[in-house]
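# Structure at a glance
Chain residues, written in single-letter form:
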Amino acid sequence: MTHLAKTSLIGLVLAGTSALPAMAQDISWIYCGDRIDPVHERYIAEWEAMNEGWTVTPELVGWAQCQDKATTLAAAGSPVGMAYVGSRTLKEFALNELIVPVPMTEEEMALYYPHIVDTVTFEGTQWGVPIAFSTKAMYWNKDIFEAAGLDPESPPTTWEETIAAARQITENTEFAGYGLSARTFDNTMHQFLHWVYTNNGQIIDAEDNIVMDSPEVLEALQAYQDITPYSVPGATAYEQNEMRAIFLDGQVGMLQASVGTAFRAMETDINWGVANLPIGPSAEGPGTLLITDSLVVFAETGVEEKAIEFAKYITSPDIQLEYEMSPEAGLTPLRPSAAVDQLVADTPYWAPYIEGIEFGGPEPLFTDYTGFQNVMIEMVQSVVTGTAEPQAALTRAAEQLEAYK
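Quick look at the structure, then. (Residues numbered from 1 in each chain as written. Predicted model: local features only at pLDDT ≥ 70, side-chain atom pairs only at ≥ 80, totals over all residues. Heavy atoms only, no water.)

### Some thoughts on the packing of helix 8 (residues 186–197) against helix 9 (residues 215–227)
Worth spelling out the cut-off: Axis definition: a line fitted to C-alpha atoms, over the contacting stretch in the case of helices. Angles run 0 to 180 degrees between N-to-C directions. Helical segments are the DSSP runs of H or I of at least four residues, strand segments are the runs of E of at least two, and each set is numbered from the N terminus. Our angle categories are set so that under 35 degrees counts as roughly parallel, over 145 as roughly antiparallel, 65 to 115 as roughly perpendicular, and the remainder as oblique. The sense of a crossing depends on the near helix, which, turned anticlockwise from the far helix by less than a right angle, makes the crossing left-handed and, turned clockwise, makes it right-handed. The contact criterion used throughout is that any non-hydrogen atoms of two residues lie within 4.5 Å. The classification used treats Ala, Val, Leu, Ile, Met, Phe, Trp, Tyr, Cys and Pro as nonpolar, Asp, Glu, Lys and Arg as charged, and all other residues, Gly among them, as polar.
It is at 8 Å that the axes of helix 8 and helix 9 come closest, and there the two elements cross at 120°. Put simply, helix 8 runs oblique to helix 9. Pair helix 8 / helix 9 crosses with right-handed handedness. Here helix 8 contributes Q191, F192, W195 and V196 to the contact with helix 9, which in turn contributes V217, A220, L221, A223, Y224 and I227. Looking at the contact of helix 8 with helix 9, its residues break down into 9 nonpolar, 1 polar and no charged.

Right under this line is the structure:
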């Protein structure tokens, strides 16, 4: 659906619905998940104690329905005060005037790791406050490496080395060399973007130009074609969490995954390691896709100013770090700090998740994120299944994305 059509549809919904703004003293918060994190629960109470007459009321909504519910309520003229959303949707929300800006000062922006603020910025304005952050690293099974005749203490550092190692594992052992996810699922697109950002590639630039039909992105798609024969058979049947389960079962040599995989790997008997994502021939340094979720403040509620204040409070450096350090959260820290430095020193598997940030790239913002996602998935699947060559698939996808930017 085009932006104009989407806006018109929302206008029709609004015209037939009387707005029901939140109570002036309450900030309703659509909170994704099946429970409120204890850190957030504690600091909600603290904020309420400091702001007499104000309450924050979280509504637990399952991850699969969370964002849809917030969007539906806003489009119907009954917005909640605040919601937890994927930052990928901010451009669409902003263009449809469903949310208000959450501007940051230079001092606030400087506290984050590089490029984090870019994930919530559209046309020079911030439209959300990051609350969750994910990066990826490369896991390898040391026992499988050894069985294949590879050095178990030397993971690949480049794409070329990764493809060669995957081939050696596939040819010399009973295991798959690499875990490539290509199911019709959002993380298929995410996984490919990690390859784009480990080769200095880009999908859309700051002026909304589609720039993905480039040598850097073509190299990434070609690498996908080259590694497919040495990956888990039937990649289009698996999303990343399913592929992670295969790795944790000791059946695949290498996998790109989040830090939560380390917590789960420690509960198994596999002999594993974790390193920076391998880099492509055009890379300037280790990279990764920078994915954030954000708190957005909806328009026409009467509590916008106070909701912005609370959103910045609950994501302030000390509170946010406490939330991130929970093993259950499995999040990469949003900001550098002495505590993060100590974490990396004490727990070396954290280092790759931090080191990839400098040359990483933000999740691209489109007016129709689902349309963008579907184009990217179709492109990846066509190459993985052999129905299209990389250059033809890339050129076609770049042309299709013009409708969604």
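### Quick notes on the environment of D205
The criterion, for reference: Residue exposure (1.4 Å probe, protein chains only): buried if accessible area is under 20% of the type maximum, exposed if over 50%, otherwise partly exposed. Two N or O atoms form a polar contact when they lie within 3.5 Å of each other; inside protein one atom must be a possible hydrogen donor and the other a possible acceptor, and for residues adjacent in sequence the pair counts only when both atoms belong to side chains.
Its location among the elements puts D205 in the loop between helix 8 and helix 9. Overall, the relative accessible area of 18% leaves D205 in the buried class. Separated by 39 residues in the primary sequence, D205 and R244 have C-alpha atoms spaced 32 Å apart. From its side chain, D205 meets the backbone nitrogen of N209 in a polar contact 2.8 Å long.

### Some points on the packing of aromatic side chains
Stated formally: Classification of ring pairs uses Phe, Tyr and Trp, with its six-membered ring standing for Trp, and accepts pairs whose centres are within 6.5 Å; under 30 degrees between planes counts as stacked, over 60 as edge-to-face, and the remaining range as tilted. Whether a charge sits over a ring depends on NZ of Lys or CZ of Arg being within 6 Å of the ring centre and within 35 degrees of the ring normal.
Counted by the stated rule, this structure contains 17 aromatic pairs. Considering the side-chain rings of F192 and Y224, the 5.3 Å spacing of their centres and the 90° angle between planes classify their relative orientation as edge-to-face. Linking F192 in helix 8 with Y224 in helix 9, this pair joins segments that are 32 residues apart in sequence. For F192, a relative accessible area of 0% translates into the label buried. By the ring-pair criterion, three or more aromatic residues cluster together here, those being W29, Y31, W47, F310 and Y313. Directly above the aromatic system of Y112 lies the positively charged group of R335, at a separation of 4.4 Å from the ring centroid.

### Digging into the pattern of salt bridges
Note the following rule: When a carboxyl oxygen of Asp or Glu lies within 4 Å of a side-chain nitrogen of Lys or Arg, that pair is called a salt bridge.
Counting across every chain of the model gives 11 salt bridges. Among the salt bridges present, the one from E59 reaches K69, with a minimum N-O distance of 2.3 Å. Taken together, the positions of E59 in strand 2 (residues 55–61) and K69 in helix 3 (residues 63–75) put the pair 10 residues apart, joining distant regions of the chain. The exposure class assigned to E59 is partly exposed, which follows from its relative accessible area of 32%. Assessed through its relative accessible area of 32%, K69 is described here as partly exposed. Between K91 and D208 there is a salt bridge whose closest N-O contact spans 3.0 Å. Remark: D208 occurs in the loop between helix 8 and helix 9 and K91 occurs in helix 4 (residues 90–95); sequence separation between them is 117 residues. Note on K91: relative accessible area 2%, which makes it buried.

### Quick word on the sheet that holds strand 10 (residues 272–275)
The cut-off we apply is this: One bridge is not enough; two strands pair if DSSP finds at least two bridges between them.
Read across the sheet, 4 strands follow the order 8-9-7-10 without closing on themselves; strand pairing throughout is mixed. Of all strands in the sheet, those bounded by a partner on one side alone are strand 8 (176–178) and strand 10. Strand-to-strand twist of the sheet, defined as the mean angle between neighbouring strand axes without regard to direction, takes the value 25°. Lying over the sheet, helix 7 (residues 159–172) contacts strand 7 (137–141), strand 8 and strand 9 (252–257), oriented at roughly 170° with respect to strand 8.

### What about helix 7?
To keep things clear, this is the line we draw: Multiply 1.5 Å by the residue count of a helix minus one, and that product is the helix's expected span. The directions considered for the arc are those from the helix axis to the C-beta atoms.
Over its 14 residues, helix 7 extends 20 Å from the first C-alpha to the last, a length consistent with the 20 Å expected when each residue adds 1.5 Å. When helix 7 is considered as a whole, its buried residues turn out to be W159, T162, I163, A165, A166 and I169. Axial view of helix 7: buried residues confined to an arc of 165°, hence all on one face. Across from the buried face of helix 7, at angles greater than 90 degrees, the exposed residues are E160 and E171.

### Things to note about the environment of G285
One can find G285 in the loop between strand 10 and strand 11 (289–297). Look at G285 and you get buried, because its relative accessible area is 9%. Sequence spacing of G285 and G356 is 71 residues, and the spatial spacing of their C-alpha atoms is 7.9 Å. Aside from chain neighbours lying at most four places away, what touches G285 is I279 and F359.

### A look at the nonpolar core
The condition is simple: Side-chain atoms within 4.5 Å are what join buried Ala, Val, Leu, Ile, Met, Phe, Trp, Tyr and Cys residues into a set we call a nonpolar core.
The biggest cluster of nonpolar side chains holds 61 residues, and the ones touching the most others in it are I27, W29, A83, L295, F298 and F310. Of the residues forming this core, the biggest block, 6 residues, is contributed by helix 12 (residues 304–314). Grouped together as the second largest cluster of nonpolar side chains are 54 residues, W159, A166, M212 and A220 included.

### Some words on the state of the cysteines
Each disulfide consists of a covalent bond between the sulfur atoms of two cysteine residues. Formally: Note on terminology: pairs of cysteine sulfur atoms within 2.5 Å are recorded as disulfides.
Under the counting rule described, the total for this entry stands at 1 disulfide. The partner cysteine of C32 in its disulfide is C66, sulfur to sulfur 2.0 Å. The chirality of the disulfide connecting C32 with C66 is left-handed, given an S-S dihedral of about -85°. Linking C32 in strand 1 (residues 26–32) with C66 in helix 3, this pair joins segments that are 34 residues apart in sequence. C66 gets classed as buried once you look at its relative accessible area, which sits at 1%.

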